[in-house]
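# Architecture at a glance
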Amino acid sequence: MSAAQGPPLSSGMSGGQGLRLTLRGIGHAYRGLQVLQDIDLTVAPGEVLALVGPSGCGKSTLLGIMGGLIAPAAGVVEAHGAVADDCLNPITYVFQDFALLPWRSVRDNVALPLEPHLPRAARRARVDEVLALTGLDAFAEAWPRELSGGMRQRVGIARALAVRPACLLMDEPLSALDAQTRTLLLEEFAGLIARAGTTTVYVTHTLSEAVRIGHEVAVMSRRPGRVRALLRIDRPIEGRRATDPDLLAMEARIWAMIRDDAATAERERVDAAD
Amino acid sequence: MRRIDGAIAFRGGGFAPRARAWAAAGTLIGLVALWQALEMAQLVPTLFLPAPLAIGRTLWALTVSGELWKHLSASLLRLAVGWTVGTVFGIAVGLAVGLWSALRSPVMAVVAALFPIPKIALVPLFIIWFGIGEGSKIATIGFGVFFPTVIATAGGVDGVPRGLIRMGQGFGLPTWKIVRSIVLPGALPAILTGFRVTSSIAIVLLVAAEMIGAERGIGAFILAAGNLYDMDALLAGIVVLSVLGLAVAWAIGVAERVLLRWR
Amino acid sequence: MRRQPALSRRLLLGSALLAPRLARAAEPVRFGLLHTLSPAPFYLAQERGYFRDEGLDVAFRFFQAAQPIAAAAVAGDIDLGVTALTGGFFNLAEKGVLKVIGGGLHEERGYEGSAILVSNKAFEAGLTSVDKLPGHSFAITQYGSSFHYMLGRIAQAKGFDLSSVSLRPVQQISNMLAAVTSGQVDATIAIASQARPAAAAGQAHIIGWAGDLVPYQITALFAATRFLTDSPEQVRRFCQAYKRGVADYRAAFLRRDPQGRPVVDALTLAAVADISRYVFTGDPQAEAKILAGVGYYDENAALDVADVLDQLRWFRAEGLVKGDADPRSMLDTRFLPTR
């Protein structure tokens, strides 16, 4: 069964009616180090932008700036577009380490962002809906510690979808998982994103994930991070195969671009650790 | 060169001590039995240490006459009110210290300066401030409980993973909701550990609190017995305090199991 | 300046007695007492060499409170002591480890020792005489203390029930005074040297004197039973020196003129000088304080046996002293007279 089947989740608006994210001249420094510099990017409504780059290039920082969790030193992020009435948090995060509250059951974790907005019954209906969608119905009462990493990130995405977001910011959502789980979840998340119709920024350091999930791939340089290339993948996301030679060629091209940067970045990190 | 033949011997294990409830109870019972035996063999003069049976008889007499309950109920009320006051203010201040930079350094400086002061030394001051009645007794216990609670709570708040707080902010949760649903439950294990410390402190301070002007109370009872060199009554009172301490520790253990069952 | 005669006399005495004393080595005796004015005759005996005359080297061990003095004797830290006869003292005496051997301070009619002190608030509300104490709060150091006992005897004398007074144990004498002057407690007992200044300063009112209401043996000389058994000769010599100290004390402080006023003359001032080496040392008002605070000692340090037995009876009746030892076995009257 693919999660992409079934009716669309209500607030995602396909056909270019969702949110458009525009980054203008974003720059950021941290402890005297220039982390990001002169970044201009646009994510079209309902599209997925995959953001790749060598370790330490500031991908996650850039995502934090887009989500309003980090104040940029320069530039501005704008969002424009219509948002459905039942959207409780237009720009919503999915975290690398899941960020689940260990003292809340799966159900209560998913309910958390709804609590300030919805009465109990409405909350329960929405939670049940996203739990079913993510295949968590049987685990609703489980504690997070009882779940595998993959199941925990399913809770993370269920919680994000529960607020009916217009934009999803996904920060290496699969990097804490093993390779097999990553493959399975990538399929599933691609379907869920498509069905939600959200504008999505997907940060990853795994190039195969980027070419599999993105309408566009933004390739960043090593620190100070800039957008080195913006590649469009003209192929419907639904039906992309890992073995597709065009995608493999794209992956090789990106790797060629960042290989030297990645090697330098790795050495720099060792230097920094000394 | 040498050959190796045969099964590989197990060499792991150990370094994992386990709690054995029967061994704990057995040790205590054994010690009391040994003590009684020494007294009965007249190896220890009862003037220096009364026998367990004599203490037991005194306790029984105190229970039957209602004297024990008269003292215990007065002490329990002081403990409950003093501990609750100290804990409520301590958690509130600890939270504030853990959340706001404007308060952190000033308050922690004051806490660090006042925490090590023996509260017994402050009893005369509390009597001038709060009177010789219940006020000074509750204040003594409350002050003793307040400072460790501030430290435990602030430490607990510091220990809440920042990622969880960023998550709450990423979902646009209002500050009160982040405090209530993320910070407080996240700090709860540290706060409960603090309770273990503060409940003991409260019991220790009970004797100091009941030094001045208490007609009843276990602490007042112990002080009076000590003053009269009534060793049976003195030790009976100490046994009551000890049992009280064990009961409170047990209750906190139950609270931890219930509130922290997610661990 | 006033110290001069006493000093020179002591030097004289010292030189006259030096030769015979060298013949036998002074035997050590450890003596426990409060660091207050109340054991003044012992200060005189020490300062004037009466212990040395008896061949004793008496070391004073000072205590902050009365109760630990008896405990120190039980623990073997002191041989003899002077302390208030309290519930704690009798409980240890019940075990046969301590015995009362002589008299000490005595509450006596006409000698103002301990005052019943009342807070201004309570006084204005009508607590103007001792028989009105029922229903009021009363500060004592602890249950079983001499203050508890005095109040108990006052209750007997005035015919009210002790349980009708709300007792407030405050551990220390200074707390008792503070509790009344600050109005937190209605009444307490305070020694003259504290009660008079408080009343004069308008901080409290004196409504009676314990000595007038209930004359009794407030402190006594006692010895560890072990010391009485092992060294009766030393006890005897100690008591001889003590009697001389009491004689000097009575001559200095307890003489009255025909109008009944205390006589203050050279003897008095000499005693004041000696005593002020132990209490109020360096205090410019030492003389006034000592004269205001001296209490009554019986002639020859006699022990008021009947009163001591009365005290024990009272403590037992109140449940403060447990035991059924023969009261007489707690006394040893071989060394000093009884009254």
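Residues numbered from 1 in each chain as written. Chains lettered and ligands numbered in written order. Predicted model: local features only at pLDDT ≥ 70, side-chain atom pairs only at ≥ 80, totals over all residues. Heavy atoms only, no water.

## Focus: the overall build of chain B
Condition: A run of H or I in DSSP counts as a helix once it spans at least four residues, and a run of E counts as a strand once it spans at least two, with each numbered from the N terminus. Within these notes, the globule rule equals 2.2 Å times the number of residues to the 0.38 power, and the radius of gyration is based on C-alpha atoms. Only protein chains enter the accessibility calculation, which uses a 1.4 Å probe; a residue whose area is less than 20% of its type maximum is buried, one above 50% is exposed, and one in between is partly exposed. Contact definition: two residues touch when any of their heavy atoms are within 4.5 Å. In this description, accessible areas are obtained by the Shrake-Rupley approach with a 1.4 Å probe, and a residue is regarded as covered only by the protein chains that are shown. Under the counting rule used here, the positive set is Lys and Arg, the negative set is Asp and Glu, and His together with the chain ends is not counted. Positions of charges follow a simple convention, taking NZ of Lys, CZ of Arg, CG of Asp or CD of Glu.
The helix and strand inventory of chain B stands at ten helices and zero strands. Helices (α) and strands (β) of chain B occur, in sequence order from the N terminus, as α-α-α-α-α-α-α-α-α-α. Rg of the C-alpha trace for chain B: 24 Å, well past the compact-globule value of 18 Å for 263 residues, more than 25% over. Once the C-alpha set of chain B is aligned to its principal axes, its extents read approximately 80 × 70 × 35 Å. Looking at chain B as a whole, 43% of its 263 residues qualify as buried. For chain B, the share of sequence-separated contacts (at least 6 apart) that also reach a separation of at least 24 residues comes to 70%. Counting only carbon and sulfur atoms, one obtains 72% of the accessible surface of chain B, whose full area is about 14300 Å². In chain B, the 20 positive side-chain charges and the 10 negative ones have mean positions that sit 18 Å from each other.

## Digging into the pairing of strand 3 (residues 48-52) of chain A
Remark: a regular strand shows side chains that alternate across the two faces of the sheet. Residues and elements named next belong to chain A. Rules: Between any two strands, at least two bridges found by DSSP are needed for them to pair.
Burial of strand 3 is extensive: five of the five residues sit out of reach of the surface. Along strand 3, one buried face is formed by Val-48, Ala-50 and Val-52 and the opposite face, lined by Leu-49 and Leu-51, is buried too. Sheet analysis places strand 3 next to strand 7 (residues 199-203), joined by four bridges and oriented parallel. Counted as the bridge partner of Ala-50 is Tyr-202 from strand 7. The pairing of strand 3 with strand 8 (residues 216-220) spans four bridges and is parallel.

## A short note on the pattern of salt bridges
To be explicit about the condition: For this document, the term salt bridge refers to a Lys or Arg side-chain nitrogen within 4 Å of an Asp or Glu carboxyl oxygen.
Going through the model one piece at a time under the given rule, you end up with 42 salt bridges over all chains. Where Glu-188 of chain A meets Arg-154 of chain A, a salt bridge forms, and the shortest distance between an N and an O atom there is 2.9 Å. You can see Glu-188 of chain A sitting in helix 5 (residues 179-196) and its partner Arg-154 of chain A sitting in helix 4 (residues 149-162), a full 34 residues away along the chain. As a salt-bridge pair, Asp-274 of chain C and Arg-48 of chain C come within 2.7 Å of each other at their nearest N and O atoms.

## Examining the interface of chain B and chain A
Stated precisely, the cut-off is as follows: When two parts are put together, the accessible area they lose, computed with a 1.4 Å probe and summed over both, is reported as buried area. Pairing of N or O atoms within 3.5 Å defines a polar contact, subject to two protein rules: one partner must be a possible hydrogen donor and the other a possible acceptor, and residues neighboring in sequence count only if both atoms are side-chain atoms.
At the junction of the two partners, chain B supplies 18 residues and chain A supplies 21 residues. Interface area, chain B with chain A, both sides summed: about 1800 Å², of which 73% is carbon and sulfur. Applying the counting rule to chain B against chain A returns one salt bridge. Measuring nitrogen to oxygen at the nearest pair gives 2.3 Å for the salt bridge that ties Lys-177 of chain B to Glu-115 of chain A. In this assembly, chain B and chain A are joined by seven residue pairs in polar contact (both at pLDDT 80 or more). Breaking the side of chain B that touches chain A down by element, the ones donating at least two residues are helix 7 (162-170) and helix 8 (175-209) of chain B.

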